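Below, each chain spelled out in residue letters.
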Amino acid sequence: MATLSDIGVAAAINILSACIFLIAFAFLRIQPVNDRVYFPKWYLKGLRGSPLHSGTIVNKFVNLDFRAYLKFLNWMPAALQMPEPELIEHAGLDSAVYLRIYLIGLKIFVPIAFIAFSVMVPVNWTNHTLERLDLTYSDLDKLSISNIPSGSQRFWTHLVMAYIFTFWTCYVLKREYEIIASMRLHFLASERRRPDQFTVLVKNVPPDPDESVSELVEHFFMVNHQDHYLTHQVVYNANRLTALVNEKKKKQNWLDYYQLKYTRNQSKRPTSKTGFLGLCGKTVDAIDFNSSEIERLSKEISDERMNIIGSTKYIMPAAFVSFRTRWAAAVCAQTQQARNPTLWLTEWAPEPRDVYWDNLAIPYVSLSIRRLIVAVAFFFLTFFFMIPIAFVQSLANIEGIEKALPFLKSLIETNAVKSFIQGFLPGIALKIFLIFLPSLLMQMSKFEGFCSISALERRSATRYYIFQFVNVFLGSIITGAAFNQLNNLLHQSANEIPKTIGVSIPMKATFFITYIMVDGWAGVAGEILRLKPLIFFHLKNFFLVKTEKDREEAMDPGSLGFNTGEPQIQLYFLLGLVYAVVSPILLPFIIVFFALAYVVYRHQIINVYNQEYESAAAFWPDVHGRIITALIVSQLLLMGLLSTKEASKSTPLLITLPILTIWFHIFCKGRFEPAFVRYPLQETVRKDTLERTKEPNFNLKEFLQNAYIHPVFKGEVDSEIDAASEDGDLEPSLVQTKRQSRFNTPLPSKRGSSPPLLSDFDATTQV
C-alpha cells in the first residue's frame, strides 16, 4: 500500500513533469518557427501572418526579444480574457459548452472539498480503528471512513454530508442544464443560415420498379410536402472511389517528395522498394514508380466514376431532402412519413462538415446486425480486459514484482525505488494500457453505421466511459482490494471477508490519487506542449513543403476529441463524487485537474483546435446523464460500505437518495432535453419570418442544391452549377413522372428541381 511519502514522491514527479511541459511550451510557443504549430487556428481564419517573412535570418527562427521570455506565463491570463459570447463566435457552441464541463467540476467540488475538510476529515482522523485492526494501511487512510469503528454514531455525519453533497450537485446540474439549453436555443436562433437547418436525411426509401431512387424521392415529397419541398440529393456509394482518390493523393505526396529530393541532388535518382512500407520488395526508381502508380490510379478513378454514373446499383436508398423553410424541415424531421414506420425514415441532416460519408452507403437492413455484433464485441472487450488490468495491478506493487522478479528484490527495497513503484507505477501502467482503446472504440462505432462524425464521437465516448467505469474504477477497486488484503482474506472466516473488502475500498483512494496526477496533471500539461504535431510539422516542413499552400497543409490543428476528452472528465466526476464522503483526500487533486485543464483547453480552443463540425452542444444530455450516474454509484457504494460497518439504521435513509436522484434526472430530462433533440416550431417560424423580411430575394435553392453532394464529386458539381447559373438556367422545365402517383395525384415531377445528377456530367472529367 502506498504511504504518505510515496504519494509525495508521485506528486513531486508529476508536478515536475507538468512544470517541464509548461516551461517547454512557454519557450517553444514564442519562437517564430513554431508559430503555425501553436496558433494554427488564427492562420486558418486568415487573421495571423507568418513571422518568417520579415526580419533577419536569425529573427525568422529564434525570438531574440528577451522581454518575451520574462513573460513566459502570460498565455494563462490571455486564455481567460476572451468572454464566453466572443468565444462562441470564435470557436462555436460545442467548444464553449465543453469548457463549461470543467467549470461545473470546479463549481461542484470546491464547496464540497471545503465542507469535507472542515467536517469529515476531523471526524475520520480522530479515531484509531485502523491501528487496532490487522490491516495494511497508510497515513492517508486515517482520513477516510475506514478509520471509524463499526456501529459508531459518527456515521451520521457521513449520512448528512451525502445528502448535502447530493443536493448541491443536483442544484449545480439543474442550473447548468437550464443555462446550456438556453444557450443552445439562442445559438440556433442567432446562427447564420446553414444547409442542415433546411434539410432532412431520408433513409430506407422503398424500391420501385418504375422509378429510380431520385425520381421516387422527388415524387414522394412533391406529393406529401407539395408546398414546401425544394430539392434533394441522392446518396451514392462512392467508398471505393474515395479510397482510390485518397491513395492517389498519397502517391502524389511521395512523388513530390522524391522530385524535391532529386532537385536538391541531381547526381543520383532516388529509389524505393515496392513492398510493405517501402522496407522490402523490388528496388525501383522512386519517381518513375510513383508516376506510373498515379497514372494507373487516375485510370481506375475514371473507370470507377463511370461505373457510378452508369449503374443504379451505386445509388443507395437514401437522400438529403431540402425544404423552402426551417419550419417545413422541422415538421418532416419530427414526424412519421408513411403508414409503414420502417419506410421513409427521416431525421435531421447533419451539417455537411459533420456527415460521415462512408456509412451512408451501408444498407439500412444491415445496421441492426452490425449493432448486435458490436454490442457483443464490446461486452467481451470490457469484461475480458479485466484480466490484464488485474495482472498489471498485481505487478504494480512491491510484493507482486518481487514474486515475479526475485533477483530485483534488493534494488526494489531501496527507499527511492520503492516510493517510485508504489506512488507512480500503478497510474502510469494503467494509462499505458488504455492508450490504444479510444481508436479501437471509434472503429467499432464506425462499423456500427452512424452517419455523422458527432454521433460517432458520442457513441464512442459512451463506450469509453462504460469501459473506464467497469475496468478502471470497479476493476481497480476489486482487484486492488483483493491483492492488498490477500493475506487477511485467506486467514479470516467467511463472515469477516465482506467487512475487510468494505474497509479496503476507501483505502484504494491512494491508487486513484497517483492516477489523477499522472493522467490529469502531467497529461494535461503534455497536451498543451503538442509534441507530436510539433515534430510532424517540422518533418513535413523540411522534407515536403515547397509552397505556402504546402506549409498550410502541414499544420495539424486537430479537433477537440470529444470521444476521448469527455469520458476522461467523467472519470474524475465519478471519483470525486464517490470519494467525497468515503475519502475526501482525493478532492484537492481533482480540483487541481479541473482548474489546470480549464485553462489549458481554453487556450487550445482559442488558438489551436479547429472543430470539424458544430452540433450546438447536442452532447450535453449525455454529460448530464453520466454525472447523475456517478452520483447514484456514489450513493450505492456508501450504502454498501455502511452495511459492513454495522450502521444498518442509516440504510433506509440512504435508499431515499438514489430515488430522489433518479426523480431529479427524470425531471431534467423532461424539462430540458427536448431542446437538444427537437427544434421548436415557434423558433423556426420566427427565424424564417425574420430572414424573409431581411432578404426577400435570397435564392435558397441555389444555396442548398450543392450542399450535400459527396465530397469526391463536389469540385465538378460546383463548376457545373456555376455554368448553369451563368446561363440563367435556374428553373428547369417540368418533366412528367414515369408513372402515376400511388396516391392518384395529377402532380407532375419537377425532375429539374433536384441538383444535377452525376450522369449529367461529362464522364471523361478527371477526379
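Structural notes, computed from the coordinates. Since the model is a prediction, treat every value here as computed from it, not as a measurement.

1. Comments concerning unusual backbone geometry
Thought 1: Unusually for a residue other than glycine, R530 sits at a positive phi of about 50 degrees.
Thought 2: Even without being glycine, A616 reaches a positive phi, approximately 55 degrees.
Thought 3: In this structure, A616 sits in the loop between α30 (586–607) and α31 (620–643).

2. Quick word on the layout of surface pockets
Thought 1: In this model, the largest pocket occupies a volume close to 1,800 Å³.
Thought 2: Where the lining of the largest pocket is concerned, the elements lending two or more residues are α1 (4–28), α21 (425–433), α22 (437–448), α23 (453–484), α26 (509–529), α27 (531–543), α29 (562–582) and α30.
Thought 3: In terms of residue count, α26 provides more of the lining of the largest pocket than any other element does, eight residues in total.
Thought 4: Residue classes in the lining of the largest pocket are distributed as 26 nonpolar, 14 polar and 10 charged.
Thought 5: Of the voids in this model, the second largest pocket is the one considered here, and its volume is about 1,000 Å³.
Thought 6: The wall of the second largest pocket is formed by 34 residues, among which W348, S454, R458, A618 and F676 lie closest to the centre.
Thought 7: Every element with two or more residues in the lining of the second largest pocket is listed here: α10 (155–190), β6 (345–348), α23, α31 and α33 (674–677).
Thought 8: Residues that form the lining of the second largest pocket fall into these classes: 13 nonpolar, seven polar and 14 charged.

3. Considering the packing of α10 against α31
Thought 1: Contact geometry for α10 and α31: axes closest at 11 Å, N-to-C directions at 175 degrees. The angle between α10 and α31 places the two elements in the roughly antiparallel class. Taking contact as the criterion, the partners of F155, H158, A162, T166, T169, C170, L173, E176, Y177 and I180 in α10 are, on α31, W620, P621, H624, I627, I628, L631, Q635, L638 and L642.
Thought 2: Of the residues belonging to the contact of α10 with α31, the class tally is 13 nonpolar, five polar and one charged.

4. A short note on the nonpolar core
Thought 1: Core analysis: the largest hydrophobic core is formed by 136 residues, its most contacted members being L575, Y579, L586 and F594.
Thought 2: Per-element accounting of this core gives the leading share, 17 residues, to helix α8 (residues 93–125).
Thought 3: Once residues lying within four places of it in the same chain are set aside, the contact partners of L586 are A509, F512, I513, I516, L575 and Y579.
Thought 4: Membership of the second largest hydrophobic core comes to 18 residues, among which are V205, L216, V321 and F323.

5. Some details on a nonpolar patch on the surface
Thought 1: Among the surface-exposed residues, L372, V376, F379, F380, F383, F384 and I387 lie close enough to one another that they form a single nonpolar patch of about 720 Å² accessible area.
Thought 2: Sort the elements by how many residues they give to the nonpolar patch and helix α16 (residues 364–384) lands first, with six residues.
Thought 3: Positionally, F379 belongs in helix α16.
Thought 4: Judged by relative accessible area, which is 45%, F379 ranks as partly exposed.

6. A closer look at the sheet that holds strand β1 (residues 199–203)
Thought 1: Within the open sheet, the four strands sit side by side as β2-β5-β1-β6. Their pairing is antiparallel. At either end of the open sheet lies a strand with only one pairing partner, and these are β2 (229–236) and β6. Going from strand to strand, the sheet's axes swing by 25 degrees on average, the running direction of each strand aside.
Thought 2: Both β1 and strand β5 (residues 315–323) contribute to a ladder of four bridges, which runs antiparallel. Considered in β5, the bridge of V202 is made with A319.
Thought 3: Relative to the sheet, helix α14 (residues 326–333) contacts β1, β5 and β6, its axis offset from that of β6 by approximately 130 degrees.

Parameters at a glance
Each chain has its residues counted from 1, running along the sequence as written. Restriction of local features to residues with pLDDT of at least 70 applies here, the model being predicted, together with a cutoff of 80 or more for giving and counting side-chain atom pairs; totals for whole chains, interfaces and linings are based on all residues. To obtain the side-chain values, all non-hydrogen atoms of the structure were included, while hydrogens and water were left out. In this description a helix means any DSSP run of H or I spanning at least four residues, a strand means any run of E spanning at least two, and both kinds are numbered starting from the N terminus. Cavities and pockets are found on a 1 Å grid laid over the protein atoms alone: a cavity is a set of points where a 1.4 Å probe fits but cannot escape, a pocket is an open set with protein on both sides within 12 Å along at least five of seven lines, and a lining residue has an atom within 4 Å of such a point. Grid points are joined across faces, edges and corners, and a volume is the space filled by probe spheres set on the points. Polar here means any residue other than Ala, Val, Leu, Ile, Met, Phe, Trp, Tyr, Cys and Pro, which are nonpolar, and Asp, Glu, Lys and Arg, which are charged; Gly is therefore polar. Interaxial angle, 0 to 180 degrees, is taken between N-to-C directions of lines fitted to C-alpha atoms, where a helix line uses only the stretch in contact. Throughout this description, any angle smaller than 35 degrees is read as roughly parallel, any larger than 145 degrees as roughly antiparallel, any in the 65 to 115 degree range as roughly perpendicular, and the remainder as oblique. When checking whether two residues touch, look at their non-hydrogen atoms; a contact exists if any pair is within 4.5 Å. Think of a nonpolar core as a cluster: buried Ala, Val, Leu, Ile, Met, Phe, Trp, Tyr and Cys residues, connected wherever their side-chain atoms sit within 4.5 Å. Categorising residues by exposure relies on relative accessible area from a 1.4 Å probe, with only protein chains included: less than 20% of the type maximum marks a residue as buried, more than 50% marks it as exposed, and the intermediate range marks it as partly exposed. A residue counts toward a patch only above 30% relative accessible area and without a salt bridge, and it is joined to like-charged neighbours within 9 Å or, for Val, Leu, Ile, Met, Phe, Trp and Tyr, to nonpolar neighbours within 5 Å. Only the protein chains shown count as cover for residues, and all accessible areas are computed by the Shrake-Rupley method using a 1.4 Å probe. A pair is scored as a salt bridge if a Lys or Arg side-chain nitrogen falls within 4 Å of a carboxyl oxygen belonging to Asp or Glu. The criterion for strand pairing is that DSSP finds at least two bridges linking the strands in question.

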